[in-house]
Structure formats: structure tokens, C-alpha cells
Amino acid sequence: MSDNGKHTNVIVRIQRFNPDNDQKPRMQDFQIELKPGTTILDALQEIKTHQDGSVTYRKSCRHAICGSCAMNVNGKNELVCKTPLRERLDKNGVCTVRPLPYLPIIKDLVVDRTAFWEQYLRVKPWLAPPPTVQTDREYRVSQEEVAAIRNAETCIMCGACYSACQVIALNKKYIGPHALLKAFLRVLDPRDAIPGERLADLDGSDGVYRCHTIFNCIDACPKGLNPTEAIETLRKLAQRRLKVEEERLERQKTITEPIA
Ligand code: FES
């Protein structure tokens with residue numbers, strides 16, 4: 001309802017593409033009633049349920065946790081499950097939803113993330129603890145070491161940064177902000193035993209030096225993370241990676257003492 005108690009109808013403009021029928025993407029308008037608290041995902045769900053069951057998109061958790069629902073809204077990548085529709089209406093009452101840019105479209109708002117995940121695996125995103133660590137015990141990590149990773153562990157792998165990156169748009173071999181942020185998390189993790197090896201892997205032409213510091217990844221991140229700063233840190237560490245490896249070995253002499 002609007003402020004004067006009347007129902008307000010708005011337009012959700014959705015990019016459609018069915019590879020079985022369409023030569024290229026097209027836009028389609030759907031009119032819905034704007035209800036209090038409606039998110040863009042709610043609007044898509046309403047359209048799919050009551051107007052056109054063929055509208056296709058990804059979603060899962062509906063709570064900005066799983067990262068499935070990243071889309072391009074009015075030209076900006078964001079999670080549609082946490083974005084109020086009211087806040088994305090233009091002066092004509094229209095909200096435009098497209099799939100994440102620079103990725104192959106499978107159907108409507110669903111993109112093919114194969115390259116995204118392949119690049120992610122390149123950085124060995126798993127923790128590689130030293131063999132002395134017992135996995136059933138807890139180990140002490142200082143508050144300063146936790147602060148240094150700058151919440152990078154809260155990345156939900158939604159792809160918003162990857163798809164906003166102009167370098168990825170031109171060069172799919174670039175590892176990308178999502179994977180470099182994960183590499184940053186592992187390299188700075190005092191429990192990890194292979195920071196030097198990781199930094200050597202990132203030192204090539206598709207790695208940390210390929211970032212042009214355009215900052216699109218920062219603007220796009222729905223979690224407020226800073227992949228550009230993480231990449232800059234990795235560059236500096238890569239230049240002294242042997243020293244980083246030595247320091248890590250020294251640090252692990254203390255970290256591998258389990259908490260009693
Ligand atoms: Fe999980 Fe939006 S549906 S992040």
C-alpha cells in the first residue's frame with residue numbers, strides 16, 4: 001500500500017532468454033503490487049508463481065548467506081534476496097533485473113559459473129595445516145591475526161565481484177577478485193603451512209599483477225569486503241614470499257600448541 005492507503009503497482013523489467021527459442025536476450029515487463037517489505041526476490045517469486053512460471057532464476061537461502069541470488073539490478077550487481085524492491089524503483093516505478101554481466105547466460109537470470117569455480121579451485125581454497133596439527137584440538141590465533149584478514153572469511157562466493165570486474169570481462173584467465181580474496185585469507189591464516197607456495201602460484205601474469213585497481217569489486221560486494229586491498233596485500237607478500245614462509249614456520253612453533 002502507498003502512504004495514502006492505496007495499492008501501488010510497479011513494474012519489474014526482467015531480461016529473458018531461452019536458448020531454445022531466442023536469438024538474443026529481450027526485456028519483458030511484469031506489473032506487480034508493491035507490498036511492504038517486498039524484496040526483489042519476493043517480486044520474482046510472485047511473478048513466477050502468479051504470472052509466468054517459465055521465469056528462471058537462482059535462489060536458495062533467502063537470507064544473504066548462500067550467494068545464489070546475485071543479479072544485476074539497474075546496472076549494479078547485488079543480492080536480490082536482501083534488496084527491498086521499493087529502494088530500486090526509478091521515477092517511473094520500474095526496477096530492471098538482468099543476469100550477472102560478462103558470464104554466459106543459461107536461461108533468463110541464470111548464468112554459467114563454470115569459469116568462476118575453475119578460477120576458485122586454482123588458488124587451492126582449502127586450509128593446508130602443518131602435519132603436526134591435530135584436527136580434533138583447538139589452536140590459539142591472536143586477535144591481531146584475525147583482524148588482519150579483514151572479514152575475508154565472510155565472503156559467500158556470490159560472484160558479484162567477479163562479474164563486475166572489467167579485467168575478467170576482457171580476460172577470463174585472470175584468477176579474479178573472488179579467488180584472490182580466498183587466497184588472501186589462506187596466506188594470512190597462521191594455521192596454513194604453504195603461504196610461500198600459494199604466493200608463488202599467484203605471481204604469474206594472470207595473478208595479482210593483472211588487477212587494474214578499478215575498484216568495481218568493492219562496489220559490488222554485498223558483504224562490504226575489499227578484494228582490491230587484499231590483492232594489493234598479496235602483491236606485497238609475493239615480493240617477499242620466502243621470508244613469509246620462514247615467518248610462518250616460526251609462528252607455527254607456537255600455534256601448534258593445542259589449547260588445554
Ligand atoms: Fe541465498 Fe540470496 S538466496 S544469498
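Going by the structure above, here's the rest.
Procedures and definitions
Counting of residues starts from 1 at the beginning of each chain's written sequence and follows it residue by residue. Residue-level local features of this predicted model are given only where pLDDT is at least 70; pairs of side-chain atoms are given and counted only at 80 or more, and the full residue set underlies all totals for whole chains, interfaces and linings. Only hydrogens and water are removed before side-chain values are computed, so all heavy atoms of the structure are retained for them. For two strands to pair, DSSP has to find at least two bridges joining them. Secondary structure follows DSSP: runs of H or I at least 4 residues long count as helices, runs of E at least 2 residues long count as strands, and numbering of each begins at the N terminus. A 1.4 Å probe rolled over the protein chains alone gives each residue an accessible area, and that area as a share of the maximum for its type sets the label: buried under 20%, exposed over 50%, partly exposed in between. A helix is expected to reach a length of 1.5 Å times the quantity of its residues less one. A contact between two residues is defined here by any heavy atoms of the two lying within 4.5 Å. To qualify as a nonpolar core, a set must consist of buried Ala, Val, Leu, Ile, Met, Phe, Trp, Tyr and Cys residues joined through side-chain atoms within 4.5 Å. Every axis in this analysis is a line fitted to C-alpha atoms, fitted for helices over the stretch in contact. Angles between the N-to-C directions lie between 0 and 180 degrees. Polar contacts, as used here, are pairs of N or O atoms within 3.5 Å; protein pairs need one atom able to donate a hydrogen and one able to accept it. Residues neighboring in sequence count only if both atoms are side-chain atoms.

**Student:** I keep staring at the pairing of strand β4 (residues 76-79) and nothing clicks. Help me out?
**Tutor:** Here is the key point about a regular strand: its side chains alternate between the two faces of the sheet. Two elements, strand β3 (residues 70-73) and β4, share 4 bridges in a ladder whose sense is antiparallel. From the neighbouring strand, Asn72 faces β4, where its bridge partner is Asn77. Linking β3 to β4, which pair antiparallel, is a turn of 2 residues; within it Asn74 sits at a positive phi near 50°.

**Student:** Hey, could you run me through unusual backbone geometry in this one?
**Tutor:** What you tend to see is this: most non-glycine residues have negative phi, and most peptide bonds are trans. A positive phi angle, near 45°, is found at Asp108, a position not held by glycine. Its location among the elements puts Asp108 in the loop between β6 (105-107) and β7 (110-111). Residue Asp108 is classed as buried on the basis of its relative accessible area, which comes to 2%. Phi is positive for Arg150, close to 50°, though the residue is something other than glycine. If you trace the backbone, Arg150 turns up in the loop between α3 (143-148) and α4 (160-164).

**Student:** I tried to follow helix α9 (residues 227-238) on my own but got confused; where do I start?
**Tutor:** It helps to recall that an α-helix has 3.6 residues per turn; residues three or four apart then point in one direction. The first and last C-alpha atoms of α9 sit 16 Å apart over 12 residues, in line with the 16 Å expected at 1.5 Å per residue. Those residues of α9 not exposed but buried are Pro227, Thr228, Ala230, Ile231, Leu234, Arg235, Leu237 and Ala238. Contacts made by the buried residues of α9 are with α6 (177-188), α7 (195-202), α8 (216-220) and α10 (241-255).

**Student:** What should I look at first to understand the nonpolar core in this one?
**Tutor:** Inside soluble globular proteins, nonpolar side chains tend to come together where they are buried. In terms of nonpolar packing, the biggest core is built from 65 residues, with Leu85 and Leu234 touching the most fellow members. For this core, the element with the highest residue contribution is α6, accounting for 8 residues.

**Student:** What should I look at first to understand the sheet that holds β3 in this one?
**Tutor:** Two pairing modes exist for strands in a sheet, parallel and antiparallel, and in both the strands are linked by backbone hydrogen bonds. In spatial order, the strands read β2-β1-β5-β3-β4; together these 5 strands make up an open sheet with mixed pairing. Strand pairing shows two members of the sheet lacking a second neighbour, β2 (26-33) and β4, which therefore form its edges. When strand polarity is set aside, the average angle formed by the axes of neighbouring strands in this sheet is 35°.

**Student:** Sorry, what's going on with the side chain of Asp108 here?
**Tutor:** A polar side-chain atom of Asp108 sits 3.1 Å from a polar atom in the side chain of Arg16. A distance of 3.0 Å separates a polar side-chain atom of Asp108 from the backbone nitrogen of Thr56. Once you skip the residues sitting within four places of it in the chain, Asp108 turns out to touch Gln15, Arg16, Phe17, Ser54, Val55, Thr56 and Pro99.

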